[in-house]
Amino acid sequence: MFFYMARIGYFLIQPSNFLIALVLAGLIVSAVTRWRKTGQLFAWAGVLGLLIAGFSPAANWLILPLEERFPKPTELTGYDGIIVLGGAVDTIVTGARGDTALTTSGERITIAARLASQLPAARVIHTGGQGVIVASQATEAEGAARLFEDFGIAADRVVLEDAARNTWENAVLTRELVNPGPGQRWLLVTSAYHMPRSMGVFEMAGWTGITAYPVDYRTRGKEDLTLGFDGASKGLRRFDIAFREWIGLVAYWISGRSTAVFPGP
């Protein structure tokens, strides 16, 4: 139920969707009711919001604190496993085309080739099923398995969890599958903006010895706080991503699925 509520709820409040709906509602109200000025106010507010979110540095202001929260480890030794969170495989296109198609978060999975080489004794675990309401024709695990084989990672090192639909299920189902032992160390790989929520969720689910390995950065650093966008779609996309993470942080904490509102090192 949490999965469906989260998906539907976010669709309704996603900034780009909400602002477009506000413009349309304002135009309708001003055209067919006697509250013309109110409708115009709504419409102009929506237009202004689209301009700010689409062209200004606002999206970078939202996403940068998330990306900067967890640094990469300076040394990679002694890890028992590499846990790669789903989100890198486009399950719909993968199912239709019969070959692995990656999303804009593809670095989550491509980095596994380097990490598997640097940690030759570590297991490589991918967790992700179908994170969509209408089931597609493939799971993320199927797409990951193809790439891991292409990377030359031995099959006996690979563990595939193929049922998780969100971060909480990633943590819980992977723990049940792997059964981590006391003293073991695990590297958690996901997008930098998603890392605070992921670390809070994994720790709440009972994982210990977890180290963050953030990838898929969308900003260069603080210099992007003054950088706008040359296309509204670019700014709106990043604003949506960052907004979703902040909402997710609060929702997971309220529902008891995370250790803190804004987990840190």
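Everything that follows concerns the structure shown earlier in this document.
Residues numbered from 1 in each chain as written. Predicted model: local features only at pLDDT ≥ 70, side-chain atom pairs only at ≥ 80, totals over all residues. Heavy atoms only, no water.

> Which parts of the structure should I look at to understand the pattern of salt bridges?
Side chains that differ in charge, positive against negative, can pair when their charged atoms come close. Taken as a whole and judged by the stated rule, the model has five salt bridges. A salt bridge links R165 to E169, with the shortest nitrogen-to-oxygen separation between them at 2.9 Å. (Salt bridge = Lys/Arg side-chain N within 4 Å of Asp/Glu carboxyl O.)

> How do you make sense of the environment of S198 when you look at a structure like this?
Tracing the backbone shows S198 in helix α9 (residues 195–204). You can call S198 buried: its relative accessible area is 0%. Along the primary structure S198 and A171 are separated by 27 residues, whereas in three dimensions their C-alpha atoms are 8.3 Å apart. In contact with S198, not counting residues within four places along its chain, are L85, T167, L188 and T190. Polar contacts involving the side chain of S198 include one to the main-chain carbonyl oxygen of H194, which spans 2.9 Å. (Helix = DSSP H or I, 4+ residues; strand = E, 2+ residues; numbered from the N terminus. Buried < 20%, exposed > 50% of the residue type's maximum accessible area, 1.4 Å probe, protein only. Contact = heavy atoms within 4.5 Å. Polar contact = N/O pair within 3.5 Å; in protein donor to acceptor, adjacent residues only side chain to side chain.)

> It is not clear to me how the pairing of strand β2 (residues 123–127) should be interpreted in this structure. Could you clarify?
Regular strands place side chains that alternate from one sheet face to the opposite one. Most of β2 sits out of view: four of its five residues are buried. As paired strands, strand β1 (residues 81–85) and β2 are joined by five bridges and run parallel to one another. Within the sheet, the bridge partner assigned to L85 lies in β2 and is T127. As judged from the four bridges shared by β2 and strand β3 (residues 158–161), these two strands associate in the parallel manner. Within β3, the position partnered with H126 by the bridge is L160. (Pairing = 2+ DSSP bridges.)

> What's the story with helix α6 (residues 107–118) in this structure? I'm lost.
Quick reminder: α-helices carry 3.6 residues per turn. Residues three or four places apart thus point the same way. The end-to-end C-alpha separation of α6 is 17 Å, in line with the 16 Å expected for twelve residues at 1.5 Å each. For α6, the secondary structure elements touched by its buried residues are β1, β2, α7 (140–150), β4 (186–191) and β5 (210–215). (Expected span 1.5 Å × (residues − 1).)

> Explanation requested: the packing of helix α4 (residues 58–68) against helix α10 (residues 232–254) in the structure shown.
How two helices sit against one another is set out by the angle between their axes and by the gap between those axes. One way to put it is that α4 packs onto α10 with a least axis distance of 8 Å and a crossing angle of 45 degrees. Judged on the interaxial angle alone, α10 and α4 are oblique. Here α4 and α10 pass one another in a crossing that is left-handed. When α4 is examined against α10, the residues A58, A59, N60, L62, I63, P65 and L66 are found in contact with a partner set consisting of G235, R238, F239, I241, A242, F243, E245, W246 and L249. The residue inventory of the contact of α4 with α10, partitioned by class, reads twelve nonpolar, two polar and two charged. (Axes fitted to C-alpha atoms, helices over the stretch in contact; angles between N-to-C directions. Parallel < 35°, antiparallel > 145°, perpendicular 65-115°, else oblique. Left-handed = near helix turned anticlockwise from the far one by under 90°. Nonpolar A, V, L, I, M, F, W, Y, C, P; charged D, E, K, R; others polar.)

> Just checking my understanding: could you explain α10 for this structure?
Compared with the 33 Å implied by 1.5 Å per residue over 23 residues, the 33 Å span of α10 between its first and last C-alpha is a close match. Every buried residue of α10 is listed here: G235, L236, R238, F239, D240, I241, A242, E245, G248, L249 and Y252.

> Explanation requested: unusual backbone geometry in the structure shown.
What you tend to see is this: most non-glycine residues have negative phi, and most peptide bonds are trans. Positive phi values are uncommon outside glycine, yet N179 reaches one of about 55 degrees. Along the chain, N179 falls in the loop between α8 (167–178) and β4. Since its relative accessible area comes to 61%, N179 is described here as exposed. At D216, a position not held by glycine, the phi torsion is positive, near 60 degrees. Among the secondary structure elements, D216 is positioned in the loop between β5 and α10.

> Sorry, what's going on with the packing of helix α2 (residues 15–32) against helix α3 (residues 36–55) here?
Running from amino to carboxyl end, α2 crosses α3 at an angle of 155 degrees, the nearest separation of the two axes being 7 Å. In this view, α2 runs roughly antiparallel relative to α3, as classed from their interaxial angle. The element α2 and its partner α3 pack so that their crossing is left-handed. Contacts between α2 and α3 pair S16, L19, I20, L22, V23, G26, L27, V29 and S30 from the former with R36, G39, Q40, F42, A43, A45, G46, V47, G49 and L50 from the latter.

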